[in-house]
Each structure stands twice: as structure tokens, then as C-alpha cells.
Amino acid sequence: MTPSAAAAKALVPYGGGRDRGLDTGELGVHGVEMDRLVALGLPVVPGLTMPVSHAAALARPEVARAALGQLRRLAGQPFGDPAHPVLIRLLASATAGSGVPADLVVGLTAESAPALDALADGSQAAYDVLAAAIRYVGEHGAGIPGDEFADAEYEAASPAARVRKFLELSTAAGFPYPDEPAAQLARAAQAALRRWTSPRARRQRRGQGQPADLGLALHVQAIRVGPARTCGHGVADSRDPATGAFGPTGMFRRAGFSRGAAGGWPGEPLDELPGGREPLASALRALELGMRAAAQVEFEVWQGEFALLAARKIERQSPRTAIRLAVDLAEAGVIDDMTAVGSVTASDIETLLHPQLELTGREELFARGLPAAAGAAVGRIALSSERAVEWSESGNPVILMAEETTPGDLPGLLACKAVVTMRGGLSSHAAVVARGLGRPAVCGAIALRIDKPGRSVTSAGHSLAEGELVSVDGSSGNIYAGAAHVVPPRPGGDLESLLRRADRVRRLAVRANADNGRDAALAIRYGAEGVGLCRTEHQFLGDRLPLVRGYLLAADADAEAAALAELAAAQREDFADLLAVTGGRPVTVRLLDAPLHEFLGESAQEVNPMLGLRGVRLAVLRTELYPAQARALFSAWAELAASGVTPQLEVMVPLVAVLGELAAAVASIHRAAEEVAARTGVTVPYTVGTMVETPRAALIAGQLARIAQFLSFGTNDLTQLTYGFSRDDVEAQVLSTYVAQDLLPVSPFTSLDPDGVGELIKTAVTAARRVNPGIKLGICGEHGGDPASIELCERLGLDYISCSPSRVPGARLAAAHAAVAVSSATG
Ligand code: PEP
Ligand code: MG
């Protein structure tokens with residue numbers, strides 16, 4: 001057999017590759033796709049693949065002629081019949097990657113184009129296609145500079161004139177474009193292969209991490225052309241990206257003939273498809289089930305008959321589509337819960353739960369900071385809490401902008417649509433409160449200069465007056481001048497269905513950080529299994545601030561006792577509210593941890609307030625504080641229990657570093673319980689535990705575990721104290737530089753540091769379980785909502801994670817991902 005005869009014999013009809021034992025290594029990605037379509041019983045256009053090992057032979061006219069002979073037999077009709085014209089599409093596909101390195105249509109000449117154009121309703125598509133082929137062959141096969149074609153194109157007044165100019169150009173260069181289809185195909189194949197093996201293409205592949213000598217298969221398709229009423233070509237996706245719902249979405253071009261997905265569009269919507277939408281819909285459905293992915297197809301309708309030209313997985317789909325597809329495939333039984341859950345990311349979920357900015361690209365970026373709380377909002381700049389409240393009461397959406405916020409700003413934080421701070425990081429006051437309230441936040445926007453007296457804010461030389469509109473994107477950290485378009489959140493029932501599957505896969509329990517009934521209700525709606533942290537100091541923000549101040553600044557014992565009684569009474573109401581919402585679930589109430597500067601401002605007079613009279617230390621000095629809080633809590637529980645609702649109370653002590661601190665606090669809590677039992681006759685069931693948020697607490701966790709029934713890792717402080725990085729000061733400037741210079745992969749306040757902080761947690765977990773195997777272990781720092789940190793918590797064997805209410809859905813999914821990742825890593 002001659003080499004050409006051998007090459008002709010190597011041609012594989014679509015659908016014939018499997019029988020010959022060929023895979024992508026020979027058939028290319030497209031050849032395998034077409035095999036799959038045939039195996040699924042779907043109609044495909046007549047086509048052939050020239051395998052990688054013989055691809056070069058298609059550049060020989062006799063092999064191209066043999067290929068056309070085979071194609072004609074497959075098509076079952078002669079080529080060259082003016083009533084039923086058939087063109088030839090040459091496609092190339094590599095052995096890896098989804099690109100289409102060559103896609104052109106041959107079979108036309110300057111003589112045959114007018115007849116085809118008439119058939120195609122004078123759309124000029126025939127001339128477009130012919131011009132594209134002449135240029136491709138001239139430029140890549142004969143080396144005619146692309147600029148010469150560009151100049152000729154510029155001078156041509158119509159597609160038909162362009163064809164004439166391109167033909168003249170090719171002839172003048174000594175490479176006339178052939179008239180005969182087989183010769184055209186051979187030249188097209190030669191051009192495609194030359195282009196693929198050019199030094200530039202090889203360099204590009206190497207740059208993309210692919211082998212320079214990656215194989216290329218060539219494919220030849222019969223493209224049937226017919227009258228606009230019954231024929232045409234289209235492109236369709238299996239799902240509507242806006243809703244994620246199944247249904248063909250795309251365009252159709254009557255009497256057009258494919259020049260690849262990009263050729264000749266736009267067309268018309270799919271509603272009036274000749275022959276109806278059903279064949280397309282059922283092909284897409286079969287493909288989705290077969291590929292277990294959203295699909296995109298190119299298709300032909302010829303005389304009302306439907307056939308596929310190409311199909312591929314959609315790699316980057318919208319979050320809405322990802323979720324709906326996962327649920328649909330799981331409900332159809334083609335994927336299990338683990339696969340469904342694995343095909344969606346926590347950030348897909350975040351996108352659906354929060355408003356998003358829909359950017360046009362024309363927005364003016366005003367400033368940039370840390371993405372501190374997801375979501376987006378548009379509003380007028382307010383430079384004080386008072387103004388935020390005033391303007392929002394008069395119906396204006398406002399964006400609160402401040403150097404940083406303190407507990408006194410709670411009314412402003414409640415009134416605003418979003419908050420922006422110049423200082424502070426992801427665990428700063430503004431960030432923590434905004435996440436709790438579900439407000440978008442950008443913190444640490446260090447370029448901002450706020451001029452309160454001048455009532456303006458400046459960034460990089462650009463000033464905006466208080467009252468002007470800005471758009472805040474808490475998911476990216478960007479702040480734009482003016483009003484961008486905001487798309488509202490659309491969670492949808494399919495999200496809950498997916499999350500229920502995640503719940504079946506995950507091992508870690510998911511709780512929420514919630515300080516009051518409102519936050520707890522939101523968290524429970526999002527699927528939280530309980531409250532992992534109620535920061536009682538947050539109950540004293542806003543209006544209640546004078547109560548704490550009165551207590552902290554009391555001049556004598558009487559004044560202190562009076563202030564404490566008032567404080568406890570207020571707190572009892574808050575507990576009643578929180579416990580009623582929590583129902584029978586666990587709820588961890590942390591006794592007061594009030595960094596003094598947050599409550600007293602300037603008068604706190606501590607040099608390092610985050611290391612000062614905080615947490616349990618204040619209770620050591622003010623021995624009546626924790627018993628008063630505990631009595632308020634137990635009394636609220638006893639009252640609620642009378643109605644049959646019995647939350648699982650967990651009382652938690654903050655910022656412990658010394659065993660005696662915990663011992664004293666535990667003893668005072670027990671005393672309070674006894675007092676409540678004596679007064680009410682109700683013995684309140686509860687457990688007592690401690691935060692582990694100082695490195696020393698982690699190192700003495702074995703001792704703590706003898707008197708604590710649970711440990712909750714406060715990784716905000718634990719990170720701050722392990723690194724010595726002030727959580728309020730270093731993120732925006734220091735840590736962003738560290739990350740930019742690759743000193744750190746990510747801010748340790750965003751993702752738990754596995755080597756240092758993680759190692760401390762591991763030490764604590766091991767020691768605590770050694771002395772108290774049943775001890776409950778959790779995390780309640782901001783890391784509890786971060787997917788990478790959740791995976792570390794899974795690896796460390798914690799029992800639960802607790803995060804802001806709005807992060808609960810993402811955490812449920814991330815916990816399922818973590819369970820799969822860790823169980824597959826450990827076999
Ligand atoms: C922590 O430090 O991680 C924690 C949860 O406590 P707070 O953020 O209130 O200091
Ligand atoms: Mg803390």
C-alpha cells in the first residue's frame with residue numbers, strides 16, 4: 001500500500017474511533033467528543049477524523065481527495081449539486097485542551113459563491129466564508145503577511161469585493177487559491193499544520209505549560225446548505241446562565257453555514273428553530289447526563305432535520321447554573337451527593353446569598369480595601385453615624401465611611417447599607433459587626449483620607465463630597481464613584497437542596513456566631529445547628545453603652561453594684577430573646593470580653609488595650625461581674641423552660657491564659673446556678689468551657705480540659721497573639737505587602753495558619769482529649785467561615801465550627817468538601 005493509500009485508510013468516521021481502540025491521543029478532543037455523541041445515540045453531521053499520526057498526510061491532494069470521497073459516501077449525496085450544495089469544514093483539535101486551533105470552510109469558489117448566496121437569502125455569508133478560507137490558507141500556508149490581507153479588507157466595500165481582492169493578493173504572491181475542493185482542503189490542512197507547528201505556536205504552548213509538540217488531529221465535516229426557511233446553523237448552551245434552569249439558550253443563523261461558533265453571529269433566538277426545539281433540547285439533556293456537566297453544542301438544521309457539529313463541556317459556568325445542575329444531576333441519579341457537593345464552591349454560594357454589583361467596565365474605581373463582608377450596596381457617603389441615621393431615616397440609602405468604627409457607631413452600622421473603613425482588618429470591629437448584621441464591608445482602605453470638617457473624602461487625588469453616591473463591593477474590596485447596578489440575591493430552593501446533600505456528607509457541625517435573637521434567627525434559617533458564640537459585650541453597644549460605661553467607671557462599690565444590677569437586667573431580656581430563638585439547640589454564651597478602648601474610648605488610657613484589662617481579667621478584678629451575667633442567663637433559661645423550650649446552655653470564659661482564672665470563673669458560675677436554683681426551684685443544665693485564644697491557653701489545654709467541658713478556639717486573638725500581629729492594625733498595609741512579596745501566601749486572619757496557629761491547636765486538641773476524651777472542641781474565630789480553614793479544622797478533628805450567620809451556607813458546603821478531601825487523603 002502506498003503511504004497515501006495507508007493514510008486514506010486511517011481516516012475514522014465520527015463514532016468509529018472506539019471500535020478501533022482510539023482515544024484523544026489519536027482522535028483529538030473533538031474526535032472523542034463526536035464519538036461520545038454517536039455512542040449516546042445522538043444525530044451527528046457526516047464527518048471524518050484524520051488521526052494525529054496521519055494528520056500531515058491530509059495536506060496531500062490525493063489523500064484530501066480520498067477523504068472527500070469517503071465524506072460523500074457518508075453524506076449520501078453528491079457534492080457540487082447546486083440544488084443541495086455541500087461544503088467542507090476543516091477543524092483541528094489537539095490531544096488536550098478545549099481550544100479549536102483551526103476552523104474554516106472550503107468547497108466554495110468565486111464562481112459558486114453567488115448561487116450559494118442566493119440560496120442563503122443574499123446574506124453574504126458565502127463570501128465571508130470564502131474570504132476567510134483564502135486568507136487563512138494564504139497567511140498560514142503561504143506566509144503572505146496578515147497586514148496585506150488587512151489592508152485589502154479595508155479597501156473592499158463588500159464581502160464579494162473582499163473575495164476578489166484576496167484572490168488577487170494570493171495570485172500575485174504566487175499562491176493562487178485553488179478552484180477545486182480537494183486541492184482547497186489539502187491547502188487548508190497544510191496551513192493548519194504549519195500554523196500549529198510554527199515556532200511561535202510552540203512557544204505559546206510551552207508558556208501555557210503544554211508540551212511544545214502536542215499532537216493535532218484534523219477533522220473534515222460535510223456542511224449542508226439550504227434555503228433559509230428550513231436550514232441553518234446554531235450554537236446553544238444547555239442552561240440559562242441567569243437562572244441555571246435547563247433549556248437551550250443560544251442563537252440560530254438561517255441559511256448560515258458554520259465557520260465556528262464565532263463565525264457569522266449574531267443570529268436569531270432559538271424560538272423559531274425549523275423543526276422545533278425538541279431535538280436540540282433532548283440532545284442537550286442526553287449530553288448533560290452523559291458528560292455530567294453543562295453542555296454547549298454547535299448544530300445544523302437541514303431541511304428541518306437536526307444534527308450536531310460539535311459538543312463540549314462548559315468549563316466555567318455561572319454559580320446559579322453550577323448549583324442547579326448539581327441538584328438536577330443528583331436528582332436524576334447520575335451523580336451522588338459527594339459529587340454534587342464537590343461541583344459547587346463556597347464562593348458560588350456566597351454570590352447567590354448577597355447582592356452583587358453588575359459592572360459594565362466603565363465604573364470609576366475610587367478606592368480599594370480588604371473585602372471584609374460580602375455583598376454590595378450603593379448609597380450616599382455619610383461620614384458619621386449620626387448623619388447615617390439621619391439620612392437613612394429620611395429614606396436615603398447611605399454608606400458609612402469612617403477611619404474605624406467603635407461600639408458607639410452601632411446605630412450608624414444598623415442604618416447604613418454598607419460600611420467602609422480606612423483602618424482595621426478582617427477581624428476589626430467594623431468587619432465583625434458588619435458580617436453579623438449582613439452588611440457589606442470594605443476595611444483597611446488605606447488610601448482614603450477623611451476630612452470630617454470639610455465633609456469630603458479623598459482617595460488618590462480624587463475627592464467626593466459627603467452625600468455623593470458610591471458603590472461598595474464587599475466581595476472584592478472595591479469602592480466605585482457613582483451608582484453601579486446592584487443585582488439582588490437569589491438563593492432559590494435548589495441551593496437548600498444542595499446544602500441538604502452537603503449536610504449528609506459533612507462531619508463537622510456548623511454553628512453561628514450570633515449575639516441576639518435576630519442574628520440567631522437568620523443563622524438558623526441558613527441551617528446553623530446552634531449558636532457557637534454569643535459575644536455578650538455586643539449586647540451593650542449603641543443605646544446600652546452608657547450601662548457598661550457606668551459599670552466600668554463606677555466610683556465606688558455602691559455605684560458599681562447599682563450599675564451591675566441594671567446591666568444584668570438588660571442582659572436578661574437579651575438572653576430571653578436569644579434563647580427563645582435558639583430553641584432546643586446548643587448555645588454558647590461567652591461572658592464579657594470588653595476591650596476597654598472599645599467601650600471607653602480615650603478615657604481607657606491603656607497603651608495596648610487588646611492586651612490589657614480584657615476578658616476574664618476584668619472578672620478577676622470585678623468579682624461580681626460574671627456571677628451577675630450568669631444569673632441573668634440562668635434566670636432567662638429557667639423562665640423559658642417553663643414553656644417547654646430548653647436550649648443546651650454552654651457558658652464560656654474568654655481570654656484565659658492562667659488556669660486559676662478559669663477555675664475562679666467556673667466556681668462563680670456554679671455559685672450563680674445554685675443561687676438561681678434556690679430562688680426559682682429550677683436546676684439549670686449547662687456546661688462550662690473556655691475560649692482558647694492565647695498561646696498559653698493552647699499550651700496548657702490539658703490542664704484546662706480538667707475543668708472545662710468544652711474548648712472553643714478563638715482564632716482571631718490566637719492568630720494575633722501567635723504572630724504578634726495586631727488584628728486591628730496590620731492587615732491593610734503590612735499583611736497586604738507580605739502577601740504581595742510572597743512572605744505569606746494569604747493573610748493569617750483570612751485563612752488559618754497551619755504551621756503556627758494550627759500547630760498550637762493540634763497540641764491543644766491532643767492534650768485536651770488525653771485528659772478528657774469526650775471534651776467538645778470547636779472554633780469560633782472568623783476562620784470558622786473560611787473554606788481552607790474549615791478543611792484544617794476537619795484535619796485537626798474538631799467537632800464544630802462557628803461563623804457569621806451569612807457564612808453558614810458556605811460553611812456547610814465547605815465542611816462537606818473538607819470531609820471528602822480528608823477522608824480521601826487518609827484513604
Ligand atoms: C476570637 O478571638 O477569635 C474570638 C472569637 O473572640 P473575639 O473576636 O470576640 O475577640
Ligand atoms: Mg477573642
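Okay, the overall build of the protein chain next. For the protein chain, the helix and strand inventory stands at 31 helices and 30 strands. Overall, the protein chain is about 105 × 60 × 45 Å in size when its C-alpha atoms are taken along their principal axes. Going through the 827 residues of the protein chain one by one, you find that 55% of them count as buried. Sequence-distant contacts, at least 24 apart, represent 67% of the contacts inside the protein chain between residues at least 6 apart.

Before going further, it helps to spend a moment on the coordination of the magnesium ion (ligand 2). Distances from the magnesium ion (ligand 2) to its protein donors, namely Glu693 (OE) and Asp717 (OD), fall within the range 2.1 Å. With Glu693 in the loop between β27 (686-692) and α25 (695-699) and Asp717 in helix α27 (residues 715-723), the pair connects residues that are 24 residues apart, well separated along the chain. Exposure class is identical for Glu693 and Asp717. Each is buried.

Turning to the packing of helix α3 (residues 61-75) against helix α8 (residues 181-197), a few remarks are in order. Interhelical geometry of α3 versus α8 gives an angle of 115° and a closest axis separation of 8 Å. α8 is crossed by α3, and the crossing has right-handed handedness. Counted together, Pro61, Ala64, Arg65 and Leu68 of α3 and Pro181, Ala182, Leu185 and Ala186 of α8 form the full contact between these two elements. Tallied by class, the residues present in the contact of α3 with α8 amount to seven nonpolar, no polar and one charged.

Our next topic: a positive patch on the surface. Taken together, Arg195, Arg200, Arg202, Arg203 and Arg206 make up a surface patch of like positive charges. Ranked by residue count, the leading element in the positive patch is helix α9 (residues 199-207), at four residues. By secondary structure assignment, the location of Arg195 is in helix α8. A relative accessible area of 38% places Arg195 in the partly exposed class.

Since the α-helix packs 3.6 residues into each turn, any two residues three or four apart lie on the same face. For helix α10 (residues 278-291), built from 14 residues, the straight-helix expectation of 20 Å at 1.5 Å per residue is met to within 8% by its first-to-last C-alpha distance of 20 Å. Taken together, the buried positions of α10 are occupied by Leu280, Ala281, Ala283, Leu284, Leu287, Glu288 and Met291. Along α10, the residues classed as buried sweep out an arc of 160° about the axis, all on the same side. Along its buried surface, α10 packs onto α2 (24-39), β6 (232-239), β7 (246-254), β8 (295-302), β9 (305-313) and α11 (319-331).

With that settled, consider the environment of Ala434. Tracing the backbone through its elements, the reader meets Ala434 in helix α16 (residues 429-437). Judged by relative accessible area, which is 0%, Ala434 ranks as buried. Between the C-alpha atom of Ala434 and that of Ala418, which follows or precedes it by 16 residues, the distance is 7.8 Å. Those residues within four positions of Ala434 in sequence are excluded, and the remaining contacts are Ala373, Val419, Arg439 and Ala441.

Around ligand 1 lies a shell of 13 residues, among which Arg535, Arg590, Gly714, Asn716 and Arg727 are the nearest. Between ligand 1 and Gly714, the relevant distance is 3.3 Å, taken from an oxygen atom to a main-chain nitrogen or oxygen of the residue. Compared with its free state, where it exposes 290 Å², ligand 1 has 96% of that area covered by protein. Mapped by element, the contributors of at least two residues to the shell around ligand 1 are β24 (531-535) and α27. In terms of residues, the shell around ligand 1 owes the most to one element, α27, which gives three residues. For the shell around ligand 1, a count of residues per class yields three nonpolar, four polar and six charged.

Per the counting criterion, the structure on display carries zero disulfides. Cysteine Cys416 shares no disulfide, and the gap to the nearest cysteine sulfur, in Cys443, comes to 11 Å. On the accessibility criterion, Cys416 (2% relative accessible area) is buried.

A few words on the sheet that holds strand β26 (residues 648-653). Reading around the barrel, the eight strands line up as β23-β24-β25-β26-β27-β28-β29-β30 and close back on themselves, with parallel pairing between neighbours. Direction aside, the axes of adjacent strands within the sheet are offset by 25° on average. Pairing analysis gives four bridges linking β27 to strand β28 (residues 710-713), with the strands arranged parallel. Pairing of Val692 across the sheet is with Phe713, part of β28.

Spatially, the five strands line up as an open sheet ordered β1-β2-β5-β3-β4, and their pairing is antiparallel. If you trace the sheet from one side to the other, it starts and ends with β1 (12-13) and β4 (102-106), each paired once. As defined by bridge partners, strand β3 (residues 86-94) adjoins strand β5 (residues 216-224) across nine bridges and the pair is classed as antiparallel. Bridge pairing in β5 links Leu87 to Ile223.

Reading the values: rules and limits
- Counting of residues starts from 1 at the beginning of each chain's written sequence and follows it residue by residue.
- Going through the entries in the order they are written, you letter the chains from A and number the ligands from 1.
- Local features are withheld for residues below a pLDDT of 70 in this predicted model, meaning they are given only at 70 or higher, and side-chain atom pairs are given and counted only at 80 or more; totals for whole chains, interfaces and linings count all residues.
- Note: side-chain values were computed over all heavy atoms of the structure, leaving out hydrogens and water.
- The way it works is that DSSP assigns letters per residue, a run of H or I at least four long becomes a helix, a run of E at least two long becomes a strand, and they are numbered from the N terminus.
- Only protein chains enter the calculation, and the probe is 1.4 Å; a residue is then buried if its accessible area is under 20% of its type maximum, exposed if over 50%, and partly exposed in between.
- Whether two residues are in contact is decided by their heavy atoms, any of which lying within 4.5 Å being enough.
- Think of the donor list as every N, O and S atom within 2.8 Å of the metal, or within 3.2 Å for Na, K and Ca; water never makes the list, so a site can look incomplete.
- Between N-to-C directions, angles cover 0 to 180 degrees, with each direction set by a line fitted to C-alpha atoms, over the stretch in contact for helices.
- Each helix crossing is assigned a hand: it is left-handed if the near helix lies turned anticlockwise from the far helix by less than a right angle, otherwise right-handed if that turn is clockwise.
- Residues were grouped as follows: Ala, Val, Leu, Ile, Met, Phe, Trp, Tyr, Cys and Pro as nonpolar; Asp, Glu, Lys and Arg as charged; and all remaining residues, including Gly, as polar.
- Excluding any residue in a salt bridge, patches collect residues exceeding 30% relative accessible area, merging like charges within 9 Å and nonpolar Val, Leu, Ile, Met, Phe, Trp and Tyr side chains within 5 Å.
- Note on areas: Shrake-Rupley with a 1.4 Å probe; residue coverage comes only from the protein chains shown.
- Only one rule defines a salt bridge in this text: a Lys or Arg side-chain nitrogen within 4 Å of an Asp or Glu carboxyl oxygen.
- When charges are counted, neither His nor the chain ends are considered; positive counts come from Lys and Arg and negative counts from Asp and Glu.
- Each charge is placed at NZ for Lys, CZ for Arg, CG for Asp and CD for Glu.
- Helix span is expected to be 1.5 Å times the residue number reduced by one.
- In this description, one arc is meant: the one made by directions from the helix axis to the C-beta atoms.
- Whether a residue is near a molecule or strand depends on its heavy atoms: it is near if one of them lies within 4 Å of it.
- In protein, a polar contact means a hydrogen-donor-capable atom and an acceptor-capable atom, both N or O and within 3.5 Å, with residues adjacent in sequence counting only if both atoms are side-chain atoms; elsewhere, any N or O pair within 3.5 Å suffices.
- Disulfides are defined in this document as cysteine sulfur pairs within 2.5 Å.
- By the convention used here, strands pair only if DSSP detects at least 2 bridges between them.

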